[in-house]
Amino acid sequence: MSADDRLAIIEAIQRYSYAVDSRDAEAYAALFSIRGVFEVTSVAHPEPFIHAEGHEGVLEWVRPTMERWGDAQTRHNQCCTVFDELTADTARTRTMLLESRMLPDRQIPRPWTQGVYTDDWVREADGWRITRRALHLDIPPRPQR
């Protein structure tokens, strides 16, 4: 895997943050392969309590999720990406997450959740795509808002 491949994957991770925080469901889903999977677990729920599969499944999950945020502005701060596996056409990364939310009636954002994404990647004809993104939350999930 070249430095250009690493950079392309890191940029895709950053595009994920921009897509989710701007509530662009199509851009969000486009980061996944056609059969891509998104899952969430936590310390209190070791089995996935969120599971979305395939382009349509990801869209069906993410659209109402984004709508539930109402007027809150989210910021998905992802950092510290490491590459655990690298081949010419696949990769596995881990990336830390700290999500904050700015509520309309507040002037200071507040931490919302944190965890680690483990991502499996595949090289497709038009670039790198997520085949599986698994978020493990360090804390139990909060009620949606």
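The structure contained in this document is the topic of the report that follows. All figures in this text were calculated on a predicted structure; none of them were measured in a lab.

### A closer look at the environment of A8
Tracing the sequence through the fold places A8 in helix α1 (residues 3-21). Given the relative accessible area of 34%, A8 is considered partly exposed. It is 10.0 Å that separates the C-alpha atoms of A8 and R129, two residues lying 121 residues apart in sequence.

### Re the environment of H55
Along the chain, H55 falls in helix α3 (residues 54-68). In contact with H55, not counting residues within four places along its chain, are E26, A29, A30 and I34.

### Describing the sheet that holds strand β1 (residues 32-42)
One open sheet accounts for 6 strands, arranged β2-β1-β6-β5-β4-β3; its pairing is mixed. The sheet is open, and its two borders are formed by β2 (50-53) and β3 (73-86), each paired with just one other strand. Put simply, the sheet's adjacent strands are angled 20° from each other on average, direction ignored. Relative to strand β6 (residues 127-137), strand β5 (residues 110-124) runs antiparallel, the two being bridged by 10 bridges. Each bridged residue has a counterpart across the sheet, and for D119 the counterpart in β6 is R133. Along the sheet, α1 contacts β1, β3, β4 (90-102), β5 and β6; its crossing angle with β3, the most-contacted strand, is approximately 160°. Contacts from α3 reach β1 and β2 within the one sheet, and its direction differs from that of β2 by about 140°.

Cut-off values and rules
- Residues numbered from 1 in each chain as written.
- Predicted model: local features only at pLDDT ≥ 70, side-chain atom pairs only at ≥ 80, totals over all residues.
- Heavy atoms only, no water.
- Helix = DSSP H or I, 4+ residues; strand = E, 2+ residues; numbered from the N terminus.
- Buried < 20%, exposed > 50% of the residue type's maximum accessible area, 1.4 Å probe, protein only.
- Contact = heavy atoms within 4.5 Å.
- Pairing = 2+ DSSP bridges.
- Axes fitted to C-alpha atoms, helices over the stretch in contact; angles between N-to-C directions.

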